Amino acid sequence: MIKTRNKKAHIQKKHRSIRKNVFGCADRPRLAVFKSGKHIYVQAIDDEKRVTLASASTLSPELKEEVKSNNIDAAKKVGALIASKLKKAKIECVVFDRGGFVYHGKIAALADAVREAGIYL
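Report on the accompanying structure. (Residues numbered from 1 in each chain as written. Predicted model: local features only at pLDDT ≥ 70, side-chain atom pairs only at ≥ 80, totals over all residues. Heavy atoms only, no water.)

Looking now at unusual backbone geometry. If you check the backbone angles, R50 has positive phi at about 55° while not being a glycine. Looking at R50, the relative accessible area reads 76%, which means it is exposed. (Buried < 20%, exposed > 50% of the residue type's maximum accessible area, 1.4 Å probe, protein only.)

Structural data, given as structure tokens:
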């Protein structure tokens with residue numbers, strides 16, 4: 001089990017390992033996820049141009065009133081919001097970057113919500 005003081009370093013090490021293989025472009029941007037103790041954030045990033053194409057979080061104006069905590073329901077709503085923004089930008093498939101976090105719980109719920117909205121991961 002990971003000690004609390006080394007948890008952040010472990011996540012950063014895992015993220016660097018993942019980023020060696022995950023790369024986004026204009027046709028298929030990288031969907032990067034970050035979660036903190038209070039919020040969850042997601043961005044669609046074009047790594048070639050180093051530009052964020054779309055972003056959503058629990059702090060987004062569209063969700064700020066209805067989402068009060070960082071739970072699985074909030075992750076599903078953030079996933080649906082980013083999917084709608086990607087559809088407006090005419091992006092149909094993305095590369096999923098879990099950011100070093102375990103693909104379970106909130107991260108998996110966000111990815112499933114994106115898939116259900118019609119974006120290919």
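A few words now on the pattern of salt bridges. The tally for this structure, following the rule as stated, stands at four salt bridges. For R30, the salt bridge identified is with D97, shortest N-O distance 2.9 Å. A residue pair is termed long-range when its members are at least 10 positions apart, and R30 in strand β1 (residues 30–35) and D97 in strand β4 (residues 95–97) qualify at 67 residues. In this structure R30 comes out as buried when scored by relative accessible area, which is 7%. K77 is the salt-bridge partner of E66, the closest N and O atoms lying 3.6 Å from each other. (Salt bridge = Lys/Arg side-chain N within 4 Å of Asp/Glu carboxyl O. Helix = DSSP H or I, 4+ residues; strand = E, 2+ residues; numbered from the N terminus.)

What follows is about the sheet that holds β1. Read from one edge to the other, the open sheet built from four strands follows the order β3-β2-β1-β4, with strand pairing classed as mixed. If you trace the sheet from one side to the other, it starts and ends with β3 (51–57) and β4, each paired once. Between one strand and the next, the sheet's axes are offset by a mean angle of 20°, whatever the strand orientation. Here β1 pairs with strand β2 (residues 40–46) via six bridges, running antiparallel. Among the inter-strand pairings, A32 is bridged to a residue of β2, identified as Q43. (Pairing = 2+ DSSP bridges. Axes fitted to C-alpha atoms, helices over the stretch in contact; angles between N-to-C directions.)

If you walk through the whole model with that rule in mind, you get three aromatic pairs. Ring centres of F96 and Y103 lie 6.1 Å apart, and the angle between their planes is 90°; this geometry places the pair in the edge-to-face category. The class for F96 is buried, based on a relative accessible area of 19%. One aromatic cluster in this structure is built from F34, Y41 and F101. (Phe/Tyr/Trp six-rings, centres within 6.5 Å; stacked < 30°, edge-to-face > 60°.)

Before going further, it helps to spend a moment on the nonpolar core. Judged by nonpolar contacts, the single largest core of 28 residues is most densely connected at L31, V42, I82, L86, F96 and L110. The biggest single contributor to this core is helix α2 (residues 72–88), with seven residues. Ignoring any residue separated from it by four or fewer positions in sequence, one finds L31 in contact with V42, Q43, A44, I82, L86, V94, V95, F96, D97, V114 and L121. (Core = buried A, V, L, I, M, F, W, Y, C linked by side-chain atoms within 4.5 Å. Contact = heavy atoms within 4.5 Å.)

Taken together, the side chains of K13, K14, R16 and K20 present a region of like positive charge at the surface. Among the structural elements, K20 can be located in the loop between α1 (7–19) and β1. (Patch = residues over 30% accessible without salt bridge, like charges linked within 9 Å, V, L, I, M, F, W, Y side chains within 5 Å. Areas by Shrake-Rupley, 256 points an atom, 1.4 Å probe, with all protein chains shown as cover. Lys, Arg positive; Asp, Glu negative; His and termini not counted. Charge placed at Lys NZ, Arg CZ, Asp CG, Glu CD.)

On to the side chain of D47, then. Its place among the elements puts D47 in the loop between β2 and β3. One polar contact links D47 to R30, side chain to side chain, over a distance of 2.9 Å. Once you skip the residues sitting within four places of it in the chain, D47 turns out to touch R19, F23, G24 and R30. (Polar contact = N/O pair within 3.5 Å; in protein donor to acceptor, adjacent residues only side chain to side chain.)

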